[in-house]
Amino acid sequence: MPASFPETAISTERLLLRPLEEGDAPELVAMMADDLVLSWTDVPQPFTREHALRWVHEQAPAHRAQGRGITFAVNEHLTQRLVGLVELRNTDWRLLSTEAGHVTAPWARGEGYAVESLLGVAQWLFEDRGFHRLELRTAAGNTAAQQVAQKIGCISEGVLRSAWIVRTGEVGSAGEESRSDLIVWSLLPEDLEPVPVDRLPFAELHHH
C-alpha cells in the first residue's frame, strides 16, 4: 500500500479546502472555460461536465489513493462558492517533497485566495504531515502565478528550459501552442514567516 495523504479538509480565515464533490461539476466547467486557464494549464479543452465528473469520482480519488498527491476544492466560507483548486502532485514520500499547482476561478481573482489557500496547504504539509519541501513551477510568461509564489515566501531556484506548452487561442478550440520555460520555486518550513503578534486572535487583550 503506497503512502498517501489522508482525505482531509483545511480551513483558513476565508476559505475551506476540501475534497471535490459532484456538486462542484458546473463550477468546475465554468472555471476551466477561461482564457487564462486554457493558456497556463493542461486541462482538456473543451472541459465538459463528463470531464468534471470523471475528475471528481475517479481521477482525484485515485490520485490520492495511489500516493501521487491530493486535490482540494477551494470554497469561500462566506458564499460557499468554489473559488479555485489546489492540487499536490509528484509527491516523493522518501524526500517528503511535493509540487503544488493552483487555479483561481475568474470570478474570484484579485482577492488573494491563491496565496491564502497555498499558505494553508503549506502549513498543513509542514506542521501536520512533516513535509520538508513544497515546489511550484510557473510558466515564464505567467506573472500572476510568479507573484503568488513570491507572496507565500517561495525562493526562485532556476529555470527548466522549454519544459511546458502554453496554449493560446479561443477556449474550446485547438488554439496555438508554443513551448515555454518553467521557473522552479520552492518553499521550505523555515521560509514560512511566523504569524505577527498583532494578527493573533488576542485583540480583546488590547482593550484597557
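Before reading further, recall that the structure is shown in the block above.
Residues numbered from 1 in each chain as written. Predicted model: local features only at pLDDT ≥ 70, side-chain atom pairs only at ≥ 80, totals over all residues. Heavy atoms only, no water.

### Some thoughts on the sheet that holds strand 4 (residues 82-92)
Convention followed: A pair of strands counts as paired when DSSP detects no fewer than two bridges linking them. Under the DSSP-based scheme used, a helix requires at least four consecutive residues in state H or I and a strand at least two consecutive residues in state E, with every element numbered from the N terminus. Contact criterion: two residues are considered in contact whenever any of their non-hydrogen atoms come within 4.5 Å of each other. In this analysis an axis means a line fitted to C-alpha atoms, helices contributing only their contacting stretch, and an angle means the value between N-to-C directions, from 0 to 180 degrees.
Overall, mixed pairing links the 8 strands, which are arranged 1-2-3-4-5-6-8-7 in an open sheet. Edge positions in the sheet fall to strand 1 (10-11) and strand 7 (155-168), since each has one partner strand and no second. Looking at chain direction, strand 7 and strand 8 (residues 176-187) are connected through 10 bridges and run antiparallel. Bridge assignment links Val 166 to a residue of strand 8, and that residue is Ser 178. Packing of helix 1 (residues 25-32) onto the sheet brings it into contact with strand 4 and strand 5 (97-104), and relative to strand 4 it is tilted by some 85 degrees. Each of strand 1, strand 2 (15-18), strand 3 (70-76), strand 4, strand 5, strand 6 (133-139) and strand 8 touches helix 4 (residues 113-128); the most contacted strand, strand 4, lies at about 35 degrees to it.

### A few points about the packing of aromatic side chains
Heads up, the rule is: Classification of ring pairs uses Phe, Tyr and Trp, with its six-membered ring standing for Trp, and accepts pairs whose centres are within 6.5 Å; under 30 degrees between planes counts as stacked, over 60 as edge-to-face, and the remaining range as tilted. Exposure categories follow from relative accessible area, calculated using a 1.4 Å probe and restricted to protein chains: below 20% of the type maximum is buried, above 50% is exposed, and the middle band is partly exposed.
Under the counting rule described, the total for this entry stands at 6 aromatic pairs. Geometrically, the ring pair formed by Phe 5 and Trp 93 is tilted, given 4.8 Å between the ring centres and 55 degrees between the ring planes. Placement of the pair is Phe 5 in the segment before strand 1 and Trp 93 in the loop between strand 4 and strand 5, with a sequence separation of 88 residues. Note on Phe 5: relative accessible area 1%, which makes it buried. Residues Trp 93 and Phe 131 carry aromatic rings whose centres are separated by 5.4 Å and whose planes lie at 85 degrees to one another, so their mutual orientation is edge-to-face. Remark: Phe 131 occurs in the loop between helix 4 and strand 6 and Trp 93 occurs in the loop between strand 4 and strand 5; sequence separation between them is 38 residues. Under the relative-accessibility criterion, Trp 93 is labelled partly exposed at 27%. Judged by relative accessible area, which is 2%, Phe 131 ranks as buried. One aromatic cluster is present, built from ring pairs that chain together Phe 5, Phe 72, Trp 93, Trp 124 and Phe 131.

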